[in-house]
Amino acid sequence: SQQGEEDPQALSIQEGENATMNCSYKTSINNLQWYRQNSGRGLVHLILIRSNEREKHSGRLRVTLDTSKKSSSLLITASRAADTASYFCATDGMEYGNKLVFGAGTILRVKS
Amino acid sequence: DAGITQSPRHKVTETGTPVTLRCHQTENHRYMYWYRQDPGHGLRLIHYSYGVKDTDKGEVSDGYSVSRSKTEDFLLTLESATSSQTSVYFCAISLQGTSTDTQYFGPGTRLTVL
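Presented here is a report on the structure given in the accompanying data block. (Residues numbered from 1 in each chain as written. Chains lettered and ligands numbered in written order. Predicted model: local features only at pLDDT ≥ 70, side-chain atom pairs only at ≥ 80, totals over all residues. Heavy atoms only, no water.)

1. Focus on the overall build of chain B
Phase 1: On a plain count of helices and strands, chain B comes out with zero helices and 11 strands.
Phase 2: Traced from its N-terminal end to its C-terminal end, chain B shows the element sequence β-β-β-β-β-β-β-β-β-β-β.
Phase 3: Its C-alpha atoms give chain B a radius of gyration of 13 Å, within 12% of the compact-globule value 13 Å for 114 residues.
Phase 4: Along the three orthogonal principal directions, the C-alpha set of chain B runs to about 35 × 30 × 25 Å.
Phase 5: The proportion of buried residues among the 114 residues of chain B is 51%.
Phase 6: Looking at chain B alone, contacts between residues at least 24 apart form 56% of all its contacts between residues at least 6 apart.
Phase 7: Accessible surface for chain B amounts to roughly 5,100 Å². Of this, 48% is attributable to carbon and sulfur atoms.
Phase 8: Each charge class in chain B can be summarised by its mean position, and for the 11 positive and 12 negative side chains these summaries are 3 Å apart. (Helix = DSSP H or I, 4+ residues; strand = E, 2+ residues; numbered from the N terminus. Rg over C-alpha atoms; globule rule 2.2 N^0.38 Å. Buried < 20%, exposed > 50% of the residue type's maximum accessible area, 1.4 Å probe, protein only. Contact = heavy atoms within 4.5 Å. Areas by Shrake-Rupley, 256 points an atom, 1.4 Å probe, with all protein chains shown as cover. Lys, Arg positive; Asp, Glu negative; His and termini not counted. Charge placed at Lys NZ, Arg CZ, Asp CG, Glu CD.)

See below:
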């Protein structure tokens, strides 16, 4: 079962534009993480946001968390062709112990 | 890929044959994980280990077994491979095993079961 589900499934934008991906989850969480996966590679951790945080920044990344709506968004500003990848949210929760549960991901394509 | 190697990187096998995938880490992390990645499902946890000889089941453990006899190696075995086990398999490691812990992933093994 998936705790987190990303939306949209796929996104295509022009270089320089902003990209926003959303993650919705079902049960209460302690933390939410975002990962990136380039084609043919393993996942790479981007950012973690705790349940008591509402927003977090890391370089061109901005993550928000709305626990009342059980949703998170990942914003990539001024996108580059190198941002082309799949993006996954990963959540935890009481039902899953300490194990992360990953969503199906959003495929982002940045056209140059 | 954070000192994690997986072998083999690609494998084609036939239904009913045993298959063992290896994950090797040089980071001395306590926790190791095996995931499978399928289109539309993201990553799903198969098994994980929290120390030498200490393992537990994940979400999709049926048909898989694991072993960890050394800190650095975590083996995933398909006793009798089936076509439904065709997938890309990722190993991951983490230091503390908590949900705040970053997981570091290997490059993946693409397994095809004919």
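2. Things to note about the interface of chain A and chain B
Phase 1: Contacts between the two partners involve 22 residues from chain A and, on the opposite side, 23 residues from chain B.
Phase 2: Buried area between chain A and chain B, summed over both chains or domains, comes out near 1,700 Å², and the portion from carbon and sulfur atoms is 48%.
Phase 3: Linking chain A with chain B are zero salt bridges, by the criterion used here.
Phase 4: Scanning the region where chain A abuts chain B turns up three residue pairs in polar contact (both at pLDDT 80 or more).
Phase 5: The set of elements that each furnish at least two residues to the side of chain A that touches chain B consists of β4 (31-37) and β5 (43-50) of chain A.
Phase 6: Its residues assigned to classes, the side of chain A that touches chain B comprises seven nonpolar, 11 polar and four charged. (Buried area = accessible area lost by both parts, 1.4 Å probe. Salt bridge = Lys/Arg side-chain N within 4 Å of Asp/Glu carboxyl O. Polar contact = N/O pair within 3.5 Å; in protein donor to acceptor, adjacent residues only side chain to side chain. Nonpolar A, V, L, I, M, F, W, Y, C, P; charged D, E, K, R; others polar.)

3. Thoughts on the side chain of T106 of chain A
Residue and element names in this part refer to chain A.
Phase 1: If you trace the backbone, T106 turns up in strand β11 (residues 106-111).
Phase 2: Judged by relative accessible area, which is 0%, T106 ranks as buried.
Phase 3: In this structure the side chain of T106 is engaged in a polar contact, spanning 2.5 Å, whose partner is the backbone oxygen of P8.
Phase 4: Excluding residues that lie within four positions of it along the chain, T106 makes contacts with E6, D7, P8, Q9, L11, M21, A85, S86 and Y87.

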